[in-house]
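# Descriptive analysis of the structure
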Amino acid sequence: MIKSLEEIELLKIAGKIVGDTHKFLKPFIKPGITTQELDKVAKDFIISQGATPSFLNYNGYPAAICTSINEEVVHGIPGNRVLQEGDIISIDIGACYHGYHGDSAWSYPVGSISEDKKYLLEHTEQALYEGLSVIKPGNTIGDIGYTIEQYALKHKLGVVKELVGHGVGKHLHEQPDVPNYGKKNTGMTLRKGMVIAVEPMLNLGKPSIYVLDDDWTIVTSDNMPSAHFEHTVLVTKDGYEILTKR
Ligand code: MF3
Ligand code: CO
């Protein structure tokens, strides 16, 4: 799980392409656009950077990005759905550069949104940064999950537990699993040169989720909105570096 310097160079480039794709896509996220139009913009951009979309054909996934609206938690498939004022949309992007992946999800408002949805976005983003803040050699995977879970509980948000963050490298999903819950001082110890994706998925309502009949889209059981913020990060000698900055 420890990456070499050569691998880290490629992971940095892959991460930057993912961050740049988010930046490029953001102005398109407006009422009236369809999710498949967003998918095409992102896919063309990733390819223009000399990379390939990591998700396309991953376990048969049929698109370049995931677009999950409102009560959809993750893995929403782009299609002819039109974004409406007041929606929130979680966009998950992966890119593969010379065999190495970057992975980052971000939730965006569509036009102006309710105070509840603003609260959800603000605190899910903060939960990600709280989780990242404890990353350094000697701390554990459990410390990350504990920190995210405590922050979410304090803000009365539901923590999705069935899906977890992960190592990133030659494969999009590698060991270790990085849950958004846990106990301090448990799980694998973080070491310099590890690359992991931390990705809290928090719900305005209860934590419970299920999978739609398309076998991909995950939604909240109570139909309440959900948000997802994810960065791929490198563990450094005294902390971490975000590879998917935008
Ligand atoms: N970023 C997503 C994750 O880490 C990956 C989605 S890939 C898909 O779970 F192909 F399954 F959509
Ligand atoms: Co991920």
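Structure's up top.
Below: a short report on this structure. Just so we're clear, the structure is a prediction, and the values are computed from it rather than from any experiment. Residue indices follow the written sequence of each chain, beginning from 1 at its first position. Ligands are numbered from 1 and chains lettered from A, in the order in which they are written. Local features in this predicted model are restricted to residues whose pLDDT is 70 or higher, and side-chain atom pairs enter the listing and the counts only when it is 80 or higher, whereas totals over whole chains, interfaces and linings include all residues. The basis for the side-chain values is all heavy atoms of the structure; hydrogens and waters are excluded.

### Considerations on unusual backbone geometry
That bond from Gln 175 to Pro 176 is cis: its omega, 0 degrees, falls within 30 degrees of zero. Mapped onto the fold, Pro 176 is located in strand β8 (residues 174-178). Here the phi dihedral of His 98 falls at roughly 45 degrees; this positive angle occurs in a residue that is not glycine. Here His 98 is to be found in the loop between β4 (88-97) and β5 (100-109). Think of it in three bands: with a 1.4 Å probe and only protein chains considered, a residue is buried below 20% of the maximum accessible area for its type, exposed above 50%, and partly exposed in between. Taking relative accessible area as the criterion, His 98 reaches 57% and is therefore assigned exposed. At Asn 223, a position not held by glycine, the phi torsion is positive, near 65 degrees. Helix and strand definitions here come from DSSP, where helices need a minimum of 4 consecutive H or I residues and strands a minimum of 2 consecutive E residues; each element is numbered from the N-terminal end. Secondary-structure assignment places Asn 223 in the loop between β12 (218-220) and β13 (226-228).

### Quick notes on the sheet that holds strand β11 (residues 209-211)
Ordered in space as β3-β12-β11, the three strands form an open sheet in which the pairing is antiparallel. Looking at strand neighbours, the two that pair on one side only are β3 (72-74) and β11, the edges of this open sheet. Neighbouring strand axes in the sheet, compared pairwise and without regard to direction, differ in orientation by 40 degrees on average. Pairing between two strands requires that DSSP report at least two bridges joining them. The sheet contact formed by β3 and β12 spans two bridges and is antiparallel. Counterpart to Val 74 in the pairing with β12 is Ile 218. For helices, the axis comes from a line fit to the C-alpha atoms of the stretch in contact; other axes are also lines fit to C-alpha atoms, and the angle between any two N-to-C directions lies between 0 and 180 degrees.

### Describing the packing of helix α3 (residues 115-133) against helix α4 (residues 141-154)
Packing of α3 against α4 brings their axes to within 8 Å, and their N-to-C directions diverge by 150 degrees. For the element pair α3 / α4, the angle class is roughly antiparallel. The element α3 and its partner α4 pack so that their crossing is right-handed. Residue-level inspection shows His 123, Gln 126, Ala 127, Glu 130 and Gly 131 of α3 in contact with α4, the latter providing Ile 144, Thr 147, Ile 148 and Tyr 151. We call two directions roughly parallel when the angle between them is under 35 degrees, roughly antiparallel when it is over 145, roughly perpendicular when it lies between 65 and 115, and oblique otherwise. By definition, any crossing whose near helix is turned counterclockwise from its far helix by less than a right angle is left-handed, and any crossing with a clockwise turn is right-handed. Working rule for contacts: check all heavy atoms of both residues, and any pair within 4.5 Å makes them a contact.

### Re the site of ligand 1
The full set of residues close to ligand 1 is Phe 55, Tyr 58, Tyr 61, Cys 66, His 75, Asp 92, Asp 103, His 166, His 173, Glu 199, Trp 216 and Glu 230. Definition of a polar contact: a pair of N or O atoms within 3.5 Å, with one able to donate and the other able to accept a hydrogen when the atoms are protein atoms, and with sequence-neighbouring residues admitted only if both atoms are side-chain atoms. Within the contact set of ligand 1, a nitrogen atom lies 2.8 Å away from a side-chain nitrogen or oxygen of Asp 92. At 2.9 Å from a nitrogen atom of ligand 1 is found a side-chain nitrogen or oxygen belonging to Asp 103. Look at ligand 1: alone it shows 330 Å² of surface, and the protein chains cover 94% of it. We call Asp, Glu, Lys and Arg charged. Ala, Val, Leu, Ile, Met, Phe, Trp, Tyr, Cys and Pro are nonpolar, and the rest, Gly among them, are polar. Of the residues assigned to the shell around ligand 1, the class counts are five nonpolar, three polar and four charged. Note on terminology: near, applied to a residue and a molecule or strand, indicates that one of the residue's heavy atoms is within 4 Å of it. Each accessible area is a Shrake-Rupley result for a 1.4 Å probe, and residues are judged covered by the shown protein chains and nothing else.

### Things to note about the coordination of the cobalt ion (ligand 2)
Geometry reference: four tetrahedral donors at a metal, ideal angle 109.5 degrees. Six octahedral donors, ideal angles 90 or 180 degrees. Each metal's donors are the N, O and S atoms found within 2.8 Å of it, except that Na, K and Ca use a 3.2 Å limit; water is left out, so coordination can look incomplete. In this structure, Asp 103 (OD), His 166 (NE2), Glu 199 (OE) and Glu 230 (OE) serve as the protein donors to the cobalt ion (ligand 2), at separations of 2.0 to 2.3 Å. Taken in sequence order, the residues that donate to the cobalt ion (ligand 2) follow the motif D-x62-H-x32-E-x30-E. With Glu 199 in the loop between β9 (195-198) and β10 (201-203) and Glu 230 in the loop between β13 and β14 (231-235), the pair connects residues that are 31 residues apart, well separated along the chain. Accessibility classification places Glu 199 together with Glu 230 in one group, the buried group.

Don't take any of this as a statement about function, it's just geometry.
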